[in-house]
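# Geometric and topological summary
Below, each chain spelled out in residue letters.
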Amino acid sequence: MSRPFVPSALPPSRYLGGDEIVQLDDPAVLDLAGGLRRRAADDTAFARSAYEWVRDEIAHSYDARDPRVTLTASEVLRERVGLCYAKSHLLAAVLRICGIPTALCYQRLAHGDGHVLHG
């Protein structure tokens, strides 16, 4: 039996920072965030357009049969490909740059005799 998910009591500001993976200072990521933000009427429209942009413009490596493995927000944007967790790093960066608190969640899923990481 798995443990139930209990959300953290951390303040939203804890979900606005960047690091070497969720890069808030990369010029290309900043440009993407700014362009999407300028076209959005409000935070909800911005979050939706950011999600849809990453979903539609970044190929999922497995589905595209692309052997490249990207990880950081800038790599995903530059290569236009990534697995689910890599795509989530780009989305989190874009949203956080524009002040939308964004958490990340990773799951280790059983797959055959091994496992896969889902984000």
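Residues numbered from 1 in each chain as written. Predicted model: local features only at pLDDT ≥ 70, side-chain atom pairs only at ≥ 80, totals over all residues. Heavy atoms only, no water.

By the naming in an unreviewed UniProt entry, the protein chain goes by Transglutaminase family protein and is assigned to Nocardia thailandica.

### Concerning the packing of helix H1 (residues 27–39) against helix H5 (residues 84–97)
Here is the rule we go by: Here an angle of 0 to 180 degrees is reported between the N-to-C directions of two axes, which are lines fitted to C-alpha atoms, with helices fitted over the stretch in contact. For the purposes of this entry, the term helix denotes a DSSP run of H or I that reaches at least four residues, the term strand denotes a run of E that reaches at least two, and both are numbered from the N terminus. In what follows, roughly perpendicular refers to angles from 65 to 115 degrees, roughly parallel to angles under 35, roughly antiparallel to angles over 145, and oblique to any angle outside these ranges. Should the near helix be turned anticlockwise from the far one by less than a right angle, the crossing is left-handed, and should it be turned clockwise, the crossing is right-handed. Every residue pair with non-hydrogen atoms within 4.5 Å of one another is taken to be in contact. Residues are grouped as follows: nonpolar covers Ala, Val, Leu, Ile, Met, Phe, Trp, Tyr, Cys and Pro; charged covers Asp, Glu, Lys and Arg; every other residue, Gly included, is treated as polar.
Packing of H1 against H5 brings their axes to within 9 Å, and their N-to-C directions diverge by 60°. Relative to H5, the element H1 lies oblique. At the point where H1 passes H5, the crossing takes the right-handed sense. Contacts from Val29, Leu30, Leu32, Ala33 and Leu36 of H1 reach H5 at Leu90, Ala93, Val94 and Ile97. Its residues assigned to classes, the contact of H1 with H5 shows nine nonpolar, no polar and no charged.

### Quick notes on the pattern of salt bridges
This is how it is decided: One speaks of a salt bridge when a side-chain nitrogen belonging to Lys or Arg is within 4 Å of a carboxyl oxygen belonging to Asp or Glu.
For the structure shown, the criterion picks out five salt bridges. A salt bridge links Arg68 to Asp66, with the nearest nitrogen and oxygen atoms 2.6 Å apart. As a salt-bridge pair, Arg68 and Glu79 come within 2.7 Å of each other at their nearest N and O atoms. Separated by 11 residues along the polypeptide, Arg68 in the loop between helix H3 (61–64) and helix H4 (73–79) and Glu79 in helix H4 bring together distant segments of the chain.

### Here we look at helix H2 (residues 43–57)
For clarity, the cut-off: How far a helix is expected to stretch is found by multiplying one less than its residue total by 1.5 Å. Partly exposed residues are those whose accessible area sits between 20% and 50% of the maximum for their type, while under 20% is buried and over 50% is exposed, using a 1.4 Å probe and protein chains only. Of all possible arcs, the one meant is that of the directions from the helix axis to the C-beta atoms. Counting of polar contacts relies on pairs of N or O atoms within 3.5 Å, with two restrictions inside protein: one atom must be capable of donating a hydrogen and the other of accepting it, and residues adjacent in sequence are counted only when both atoms are side-chain atoms.
Over its 15 residues, H2 extends 21 Å from the first C-alpha to the last, a length consistent with the 21 Å expected when each residue adds 1.5 Å. Residues of H2 that are buried: Phe46, Ala50, Trp53 and Val54. Mapping the buried residues of H2 onto a view down its axis gives an arc of 90°, with all of them on the same face. Across from the buried face of H2, at angles greater than 90 degrees, the exposed residues are Thr44 and Arg48. Elements that come into contact with the buried residues of H2 comprise H1, H4 and H5. By the N-cap criterion, in which a side-chain oxygen at the helix start approaches the backbone nitrogen of a residue two or three places on, H2 is capped by Asp42, the distance to Thr44 being 3.2 Å.

### Quick look at the environment of Ser61
Of note, Ser61 is situated in helix H3. When the C-alpha atoms of Ser61 and Leu117 are compared, they prove to be 13 Å apart, with 56 residues separating the residues in sequence. Other than its neighbours up to four places away in sequence, Ser61 contacts Asp66, Arg68, Val81, Gly82 and Leu83.

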